[in-house]
Amino acid sequence: NTTATIRWNRLISNKIFSNASFIVSDYLLKIYLMEEYAGDKFELSYRSGIRDVGLKYDLSWIPNPKHTIRFGISSVHHRFTPSAVVIRDDNQNQFSREVKTINTIESGLYVEEEMKIADRAIFNAGFRLSHFHHGNKNEIHLEPRITGSYFLNKVMSVKASFAQMNQYIHLLSNTGVGLPTDLWVPATSKVPSQKSWQAAFGLVTDIPSFASTLTLEGYYKKSRNIIAYREGASFLLVDNPDGANEITWENNITSGMGSSYGIELMAQRKAGKLSGWIGYTLSWTKLQFAELNFGKPFFAKYDRRHDLSIV
């Protein structure tokens, strides 16, 4: 994975600050295997990657100490190379691979305002207008988001948030044994984009005598248009190398829903000779597809029941 960023920060005035960035990222995964059997040579070649080239511009305006307005615009060109094929090379047959690329453009525009109300509450509301282009397909979605916190007293506050999101990149995983053939693929005319919403609620309390903060938060996230391979489907033919060719991944997938929920507890000390934090998360992540597991929900392979971090 190779990345590069050029960023230009500018203080336009004592109330307006801007940030312009040019970002390049190139991710590549390659697997190669060659074996000889009975005088014949068998080769397996697998390659997957994404190259991103993007521009973004963010502007922050602070008209007064109680208001902050943020505005931003961005655009990213994605080049996907999802490819997998078995190659046999002997005196009788020769198979070669042509790398097929998929080009997409993802853009976004956002506006948000943060307000302080009577020194007791902080309120942040905004929206993001996202656009996705692939071939003749164009998607435009409005993504509202809102967060807020209210101080119950000098040391305790409650906070809550809600957001709607769209994602135009899918992770297509092989759930069976074998090669780690995870593909990053885009939404296409046959494959819809992922849609989700997430809500969270939390309680924060300070412990001044220990210069510490305790945070307890719960969350729930619902997703749809998640993709996975159909039962028995594969984009990699290994049973009969004589007939090896590339299978279109779009024709071998099914879509379904997902849900994630859990609670997070964190204790943090920011001052003193000993500082750091301890975090614990108890969470569940489930998927459900009409064509998989008899339509019953099952835990995702990245489901992680317990997570403990000490810093």
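Just above sits the structure.
If you're wondering where the values come from, they're calculated on a predicted model, not measured in any experiment.

Scoring rules and cut-offs
- Residues numbered from 1 in each chain as written.
- Predicted model: local features only at pLDDT ≥ 70, side-chain atom pairs only at ≥ 80, totals over all residues.
- Heavy atoms only, no water.
- Helix = DSSP H or I, 4+ residues; strand = E, 2+ residues; numbered from the N terminus.
- Buried < 20%, exposed > 50% of the residue type's maximum accessible area, 1.4 Å probe, protein only.
- Contact = heavy atoms within 4.5 Å.
- Areas by Shrake-Rupley, 256 points an atom, 1.4 Å probe, with all protein chains shown as cover.
- Core = buried A, V, L, I, M, F, W, Y, C linked by side-chain atoms within 4.5 Å.
- Salt bridge = Lys/Arg side-chain N within 4 Å of Asp/Glu carboxyl O.
- Pairing = 2+ DSSP bridges.

### Overview of the overall build of the protein chain
Scanning the protein chain for helices and strands turns up 0 helices and 17 strands. The buried share among the 311 residues of the protein chain stands at 31%. Sequence-distant contacts, at least 24 apart, represent 59% of the contacts inside the protein chain between residues at least 6 apart. As displayed, the protein chain offers around 19,100 Å² of accessible surface, 57% of which is attributable to carbon and sulfur atoms.

### Here we look at the nonpolar core
Ranked by size, the top nonpolar core spans 14 residues in total, and within it Leu172, Leu183, Val185, Ile227, Trp249 and Ile253 carry the most contacts. At the level of secondary structure, the elements contributing two or more residues to this core comprise strand 3 (40-64), strand 10 (169-172), strand 11 (183-186) and strand 13 (212-229). In this structure, Trp249 is in contact with Pro82, Ile102, Leu172, Val185, Pro186, Thr188 and Val191, ignoring residues within four places of it in sequence. Counting 6 residues, the second-largest nonpolar core is a separate cluster that includes Ile226, Leu287, Leu292 and Ala300.

### Section: the pattern of salt bridges
One pass over the full model with this rule turns up 9 salt bridges. Two residues, Arg70 and Glu114, come together in a salt bridge whose shortest N-O distance is 3.7 Å. Of this pair, Arg70 sits in strand 4 (residues 67-80) while Glu114 sits in strand 6 (residues 102-117), and the two are 44 residues apart along the sequence. On the basis of relative accessibility, which here comes to 24%, the residue Arg70 falls in the partly exposed class. By relative accessible area, which is 22% here, Glu114 ends up partly exposed. If you follow the salt bridges from partner to partner, you end up with Arg70, Glu112 and Glu114 in one network.

### Focus: the pairing of strand 7 (residues 121-134)
Examined bridge by bridge, strand 6 and strand 7 share 13 bridges and lie antiparallel to one another. Bridge pairing in strand 7 links Ile105 to His133. Counted between consecutive antiparallel strands, the loop separating strand 6 from strand 7 contains 3 residues, among which Ala118 sits at a positive phi close to 55°. When strand 7 meets strand 8 (residues 137-151), the two strands line up antiparallel, connected through 14 bridges. Counted as the bridge partner of Ile122 is Ser149 from strand 8. Counting the residues between successive antiparallel strands, the hairpin from strand 7 to strand 8 contains 2 residues, one of them, Gly135, with a positive phi of roughly 60°.

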